[in-house]
There are 4 protein chains.
Amino acid sequence: MPLSPEQSAEIEALRSQSAQTLRATVPGMEAHLYKAFPVLDHGFVRVIDYMGDDAAICQAARVSYGKGTKSVQNDEGLIRYLMRHWHSTPFEMCELKLHVKLPVFVARQWIRHRTANVNEYSARYSILDREFYIPAPEHLAAQSEVNNQGRGQALEGEEAARVLDYLKADSMRAYDHYEEMISTEGQQGLARELARMNLPANIYTQWYWKVDLHNLLHFLRLRADSHAQYEIRVYAEEMCKIVADWVPFAFKAFEDYRMGGATLSATALDCVRRMLAGESVTKENSGMSAGEWREFQAVLSE
Amino acid sequence: MPLSPEQSAEIEALRSQSAQTLRATVPGMEAHLYKAFPVLDHGFVRVIDYMGDDAAICQAARVSYGKGTKSVQNDEGLIRYLMRHWHSTPFEMCELKLHVKLPVFVARQWIRHRTANVNEYSARYSILDREFYIPAPEHLAAQSEVNNQGRGQALEGEEAARVLDYLKADSMRAYDHYEEMISTEGQQGLARELARMNLPANIYTQWYWKVDLHNLLHFLRLRADSHAQYEIRVYAEEMCKIVADWVPFAFKAFEDYRMGGATLSATALDCVRRMLAGESVTKENSGMSAGEWREFQAVLSE
Amino acid sequence: MPLSPEQSAEIEALRSQSAQTLRATVPGMEAHLYKAFPVLDHGFVRVIDYMGDDAAICQAARVSYGKGTKSVQNDEGLIRYLMRHWHSTPFEMCELKLHVKLPVFVARQWIRHRTANVNEYSARYSILDREFYIPAPEHLAAQSEVNNQGRGQALEGEEAARVLDYLKADSMRAYDHYEEMISTEGQQGLARELARMNLPANIYTQWYWKVDLHNLLHFLRLRADSHAQYEIRVYAEEMCKIVADWVPFAFKAFEDYRMGGATLSATALDCVRRMLAGESVTKENSGMSAGEWREFQAVLSE
Amino acid sequence: MPLSPEQSAEIEALRSQSAQTLRATVPGMEAHLYKAFPVLDHGFVRVIDYMGDDAAICQAARVSYGKGTKSVQNDEGLIRYLMRHWHSTPFEMCELKLHVKLPVFVARQWIRHRTANVNEYSARYSILDREFYIPAPEHLAAQSEVNNQGRGQALEGEEAARVLDYLKADSMRAYDHYEEMISTEGQQGLARELARMNLPANIYTQWYWKVDLHNLLHFLRLRADSHAQYEIRVYAEEMCKIVADWVPFAFKAFEDYRMGGATLSATALDCVRRMLAGESVTKENSGMSAGEWREFQAVLSE
């Protein structure tokens, strides 16, 4: 359980204080606010604030004085049109602020998405907690043999046990030494900004992360994808649920046009046209490389 | 008066719908929401939405579970510290969304600030209104003789009258022709995306503009400055009032450290030290260029 | 002809000074450097500088000490892989700097692409030239009847003549008055920052524009598209030729995967699968809206 | 020594291939190209490419057809003016591409500067080398007693020895286990994307990093500052030397106006004016907090 009683009390205090507002408000998000949705063994995602809703997307697209469109039906149609034609600016008019607790190696992937605002817990200034990500047995996966950047089946038997032992023992020892090094009992105590370098990448960090809806959906397209590393994908999946409650029309359009869609090359489109015209298109006469052909087949048979 | 009765009714409708929220809420901003604050002869600034408050800055800086700090006093001290030491990320955790109506030549200056989200009224898609900025007599300024990029005294007499005549007549004629060209009565009608090019830069456009507090303050530092062009400065000044009501601690720190402060070069600091030690520092022995010395004198005598 | 003899001489001077460099160098780009490629009636695109080549994309993708890959064949395969899987950062490692002269209404569309660096000629500081975009007769298009944001056939006869008269006469008159207003002969002279507002949006401006290859390709995908406004599309098309000479592998992959490709929604992919399985898919049983179905048909029949 | 013979050979190969170019070329940078300048115990900074020079800053500021200004003297004056008045866009017209090898905890600080392009060595895809940062004895600093975010004197005696033992032994053990876990000899082998999480933050990573001069100078202002952590400051200092050779006028202006300068608040400026007028200003009558007063004294006495 990732929260201390004190932290839970702080969250309860925030959830007990309601105020009137004239701003766009989404009941589904109000229900989420401040709560910690658990991810992995010690991580979480918490909604801290949000700006806008589906109507706000339409309102900005139309640069209107009141709400975007008169009817809910129009709103959905407009949102689908905007998503289909790669309009990005109306989606940028919604903003989400999250508090996320996550292993450092996940944070390092995450931060590659630069168009967002971040405040991370400072290990120069503060002392990190003794919390490390240790994979559940079913996620202790072998290296993929076909994909340098992927994983295969879960490890088994002695090998799995040995790996878990290493991960646990090395984490604990590293943290013991971290604590010893920064201790000021009977010694000077190493600077925190130096001591932290002894800690492995499965230690948990946390940050406030704020992002607009357009960039958030781009993040989710890449990180909720089946090729994303499992440990970041579970965060993305949790965020997908939140976004679905926040801007349901936008999320539905995103699922149809982005997550469930696929981009076909000129060559691939040509193959589709030939196939629809009755031609037998093979890898050999397709004009594609082996990799392209494999991916094309996957799209057609999904 | 920039708003039509229909637009006013839309604004009233939005202001009449209040909801409960658990989010950070600022009464001073709730009072502003949706209202159109007039700027220039037809322009305005309207607050459409906001995210965060002074406490949210501290909350992010501390990556805390509840509110940032326990006491209001601590909050102000922390915000001043963050501003003084050029911490930018905590201020990025607040976000403001405005609806702005402004002349095109002002919009062209404004858009140079790239770190913001914009949806502008489309003159490809829609027809622009017959609204042009015509300066009030006291703002019809002559070219500065000392500053290529500035203005001097207001024009007077016949010259002023002639300029106003030109601006008004050319605007009206351009718009008459715009309307004639796009008209489909008895003719095909020119494409809007082409017809718009006949319109001068004092025509009004409008946009939704969303920005985080850090980038907003940067905008205000440059555009609320006395060297900024008057026509954008009045927008910045109106926004300063809004920000003062939104995040009063942050705005006060901004006034002290940015708007009212000054950056002195190594050479200038050395001169200050010499002067405090009793030395007579002159332009000649200062090590500064003529321009630097003039600006240095201005800082010391302000 | 857009260049004065003095400007041509400056360009010649730059082209006559060659130096040795150890940097990645592309002969095709060296041939372009500094030359003004004409666009529209007074505009141009000039390559001022470039960084990187196809090999630099691979070098960064591999974080290698020397060149990216050993063989040219490998380079092309890797670049196609990166493009196909939406890797953006290796393409960001190439950079292009252009000098562009363009009408203001085109500049206003262009600047919406924010991830670029821009220095525009300042009409606060300097005096604009008397140069206006006047469409060639075949580009004087009527408003589209099916697309609010498009154009139809060229205007004809008297209507075309009248439109051209308006555009020319209004431009000339506006510029006459601009000159008169800023003149200091026998009067104070209006400030340049004010006088410019009398000038219509078909006046030419110019800027230095610097962008990385990833963002440039995104710009070209939207602006070299057949739905883009003609007046910006001709700039994009000229830039496409430049990019093809600069990074031929990347540009070829871009043409196949982006310009010539299409993104199909989950619904559309499902229809393709049903059609390939022999089912008769109609607008009614497709699950698509009218607009989606029309666009889907266009993709299949292109 | 950070480079293998093979890597050195690749660098030599690149340095032996010179080509003619018409682009802006800087002899001082040509001398640096591709060479690895050592930083810390295994790190380095290598210049991979550069775009522009001092003249290119002026050229863009003036949006000129040829070089920026006619005389070198004018160039320096203009650059100082631009720097003094916070003009950012002309400096964005120069671009630098580096290959950097650095410990992960330094990389995590570095990446917080978001306006740059990065390609990092992928530990999902590849195997990391056995290289860890172990501080030299004189940099094994104690936690500062006055600054939560700083360090004090170097540790001594047994304490220093124990810390070094921990850092070395934990690094080696973590790497031994990393190698064992990913080994496929007689076992499946853990996925690389998982195994990497056992490695501590003092392991070295590397990346290609590309940035424009404006954002680079902002980075250097914060990271070459005496308050920056030593381990990132040494990278910034090495980069300062490179920039000084690349754009000497811009760097000199940067040193005077940014690195050696200071921003005084409105309150502080008022105190300076009072002091120059002969008044005795004390902490009590200054209107400053204790922290502000201390920093103000430091500026005056530096």
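In this text, all values refer to a predicted model and were calculated from it rather than measured experimentally.

**What about the overall build of chain A?**
In step 1: Across its full length, chain A carries 13 helices and nine strands.
In step 2: By principal-axis analysis of the C-alpha atoms, chain A measures approximately 80 × 60 × 30 Å.
In step 3: By residue count, 61% of the 302 residues in chain A fall in the buried class.
In step 4: Across chain A, contacts joining residues at least 24 apart in sequence account for 68% of those joining residues at least 6 apart.
In step 5: Total accessible area on chain A is roughly 11900 Å²; 50% of this is exposed by carbon and sulfur atoms.
In step 6: Both charge centroids of chain A, one from 33 positive and one from 41 negative side chains, sit 6 Å from each other.

**Describing the packing of aromatic side chains**
In step 1: Per the counting criterion, the structure on display carries 45 aromatic pairs over all chains.
In step 2: Taking 5.3 Å as the distance between ring centres and 85 degrees as the angle between the ring planes, the aromatic pair formed by W110 of chain B and W209 of chain B counts as edge-to-face. Residue W110 of chain B is located in helix α5 (residues 104-110), and its partner W209 of chain B is located in strand β8 (residues 204-212); the two are separated by 99 residues in the primary sequence. Grouping residues by exposure puts W110 of chain B and W209 of chain B together as buried.
In step 3: Among the aromatic residues, ring-to-ring pairing joins W110, W207, W209, F219 and Y235 of chain A into one connected group.
In step 4: Here R258 of chain C stacks its cationic end above the ring of W86 of chain C, 3.7 Å away from the centre of that ring.

**Some thoughts on the sheet that holds strand β4 (residues 95-103) of chain C**
All names here are of chain C.
In step 1: Pairing is antiparallel across the open sheet formed by five strands, whose spatial order is β2-β3-β4-β8-β5. Whereas interior strands pair on both sides, the edge strands pair on one side only; in this sheet they are β2 (37-39) and β5 (117-120). This sheet shows a mean twist of 25 degrees between the axes of neighbouring strands, independent of strand direction.
In step 2: Along the sheet, helix α9 (residues 230-246) contacts β2, β3 (43-51), β4 and β8 (204-212); its crossing angle with β3, the most-contacted strand, is approximately 30 degrees.

**Overview of the relation of the copies chain A and chain B**
In step 1: Laying chain A over chain B is done by rotating through 180 degrees and shifting 0.0 Å along the axis; what remains is an RMSD of 0.0 Å. One copy is carried onto the other by what is essentially a two-fold rotation axis. Residue Q20 of chain A, judged by its C-alpha, is the member of chain A lying nearest the rotation axis, at 2.3 Å.

**Side note on the side chain of E231 of chain A**
In step 1: For E231 of chain A, the location among the structural elements is in helix α9 (residues 230-246).
In step 2: The exposure class of E231 of chain A is buried, given its relative accessible area of 0%.
In step 3: For E231 of chain A, the side chain forms a polar contact with the side chain of R151 of chain A, separated by 2.3 Å.
In step 4: Leave out the neighbours within four places in its chain, and E231 of chain A touches L40, F105, V106, Y133, H139 and R151 of chain A together with L194 of chain D.

**Focus on the UniProt feature "active site" (unreviewed entry) in chain A**
Residues and elements named next belong to chain A.
In step 1: Mapped onto this structure's residue numbering, the UniProt feature "active site" (unreviewed entry) falls at R223.
In step 2: According to the relative accessible area criterion, R223 is buried, its value standing at 12%.
In step 3: Setting aside chain neighbours within four positions, we find R223 in contact with Q109, H113, A228, I232, R233 and A236.

**Some remarks on unusual backbone geometry**
In step 1: Phi angles above zero are rare outside glycine, and W86 of chain C is one such case at about 60 degrees.
In step 2: For W86 of chain C, the location among the structural elements is in the loop between α4 (72-84) and β4.

**Focus on the interface of chain C and chain A**
In step 1: Between chain C and chain A, the residue contacts involve 29 residues of the former and 29 residues of the latter.
In step 2: Carbon and sulfur atoms supply 49% of the area buried between chain C and chain A, which totals about 2800 Å² over both sides.
In step 3: Taken together, chain C and chain A are joined by six salt bridges.
In step 4: With a closest N to O distance of 2.9 Å, E92 of chain C and R114 of chain A form a salt bridge.
In step 5: Summed over the shared surface of chain C and chain A, the number is 21 residue pairs in polar contact (both at pLDDT 80 or more).
In step 6: Broken down by element, the side of chain C that touches chain A gets its largest block of residues, seven residues, from helix α11 (residues 266-276) of chain C.
In step 7: Looking at the side of chain C that touches chain A residue by residue, the classes come out as eleven nonpolar, eight polar and ten charged.
In step 8: Bridge count between strand β9 (residues 262-264) of chain A and strand β9 (residues 262-264) of chain C: three bridges; the pairing is antiparallel. The residue bridging T263 of chain A from the neighbouring strand is T263 of chain C, located in β9 of chain C.

**Re the UniProt feature "binding site: dUMP" (unreviewed entry) in chain A**
All names here are of chain A.
In step 1: Within the UniProt annotation, "binding site: dUMP" (unreviewed entry) is assigned to Q109, W110, I111, R112, E120, Y121, S122, A123, R124, R196 and R223. The largest pairwise C-alpha distance within this set of annotated residues, which runs over 115 residues, is 29.0 Å, so the set is dispersed in three dimensions. From the set just named, the residues that line the largest cavity comprise I111, R112 and E120.
In step 2: Among the residues examined, W110 registers a relative accessible area of 0% and is labelled buried.
In step 3: If near-sequence neighbours (up to four positions away) are discounted, W110 is found in contact with V100, L102, W207, W209, F219, I232, Y235 and M239.
In step 4: Following the sequence through the fold, E120 ends up in strand β5 (residues 117-120).
In step 5: By relative accessible area, E120 is classed as partly exposed at 25%.
In step 6: Here T205 takes part through its side chain, which lies 2.8 Å from a polar atom of the side chain of E120.

**Let's talk about empty space enclosed by the protein**
In step 1: The final tally for this structure, using the stated rule, is seven cavities of 30 Å³ or more.
In step 2: Of the volumes computed, that of the largest cavity is approximately 230 Å³.
In step 3: Lining the largest cavity we find 18 residues, and of these R108, I111 and R112 of chain A together with I111 and E120 of chain D sit closest to its centre.
In step 4: Elements with a contribution of two residues or more to the lining of the largest cavity: α5 (104-110) of chain A together with β5 (117-120) of chain D.
In step 5: Counting residues per element, the lining of the largest cavity draws most heavily on β5 of chain D, which supplies three residues.
In step 6: Grouping the amino acids of the lining of the largest cavity by side-chain chemistry returns seven nonpolar, three polar and eight charged.
In step 7: What the second largest cavity holds in volume is close to 120 Å³.

Quick notes on the rules
Going along each chain's sequence as written, the residues are numbered from 1 onward. Chains carry letters and ligands carry numbers; both start at the beginning, A for chains and 1 for ligands, and go up in the order they are written. Thresholds applied to this predicted model are a pLDDT of at least 70 for local features of residues and 80 or more for the giving and counting of side-chain atom pairs; totals over whole chains, interfaces and linings are not thresholded and use all residues. As a rule here, side-chain values come from all non-hydrogen atoms in the structure, and water together with hydrogens is ignored. The numbering of helices and of strands both runs from the N terminus, where a helix is a DSSP run of H or I of at least 4 residues and a strand a run of E of at least 2. Only protein chains enter the accessibility calculation, which uses a 1.4 Å probe. A residue is then buried if its area is under 20% of the maximum for its type, exposed if over 50%, and partly exposed in between. Only heavy atoms matter for contacts: two residues are in contact if any of them lie within 4.5 Å across the pair. In these tables, accessible area is a Shrake-Rupley quantity obtained with a 1.4 Å probe, and a residue counts as shielded only by the protein chains included in the view. Charge assignment: positive for Lys and Arg, negative for Asp and Glu; neither His nor the chain ends contribute. For the purpose of locating charges, the reference atoms are NZ of Lys, CZ of Arg, CG of Asp and CD of Glu. Stacked, edge-to-face and tilted are the three classes for Phe, Tyr and Trp ring pairs, Trp counted by its six-membered ring, which pair at centre distances within 6.5 Å; planes under 30 degrees apart are stacked, over 60 edge-to-face, the rest tilted. Here, over-ring charges are defined by two tests on the NZ atom of lysine or the CZ atom of arginine: distance to the ring centre within 6 Å, and angle to the ring normal within 35 degrees. Criterion used throughout: strands pair if DSSP finds at least two bridges between them. Angles run from 0 to 180 degrees between N-to-C directions of axes, and those axes are lines fitted to C-alpha atoms, restricted for helices to the stretch in contact. In this comparison the copies share one frame, found by least squares on the C-alpha atoms of residues holding pLDDT of at least 70 in both. Any pair of nitrogen or oxygen atoms within 3.5 Å is treated as a polar contact; in protein, a donor-acceptor pairing is required on top of that, and neighbouring residues in sequence qualify only through side-chain atoms on both sides. UniProt positions are given in the numbering used here, feature names are shortened, and annotations may be inferred rather than shown by experiment. What counts as buried area is the accessible surface, traced by a 1.4 Å probe, that two parts surrender upon association, with contributions from both included. What counts as a salt bridge is simple: a side-chain nitrogen of Lys or Arg found within 4 Å of a carboxyl oxygen of Asp or Glu. Here the nonpolar group is Ala, Val, Leu, Ile, Met, Phe, Trp, Tyr, Cys and Pro; Asp, Glu, Lys and Arg are the charged ones; every other residue, Gly included, is treated as polar. Site definitions follow a grid-based scheme: protein atoms alone, a 1 Å grid, a 1.4 Å probe that fits but cannot get out for cavities, and for pockets an open set with protein on both sides within 12 Å along at least five of seven lines, plus lining residues having an atom within 4 Å of a point. Grid points are joined across faces, edges and corners, and a volume is the space filled by probe spheres set on the points.

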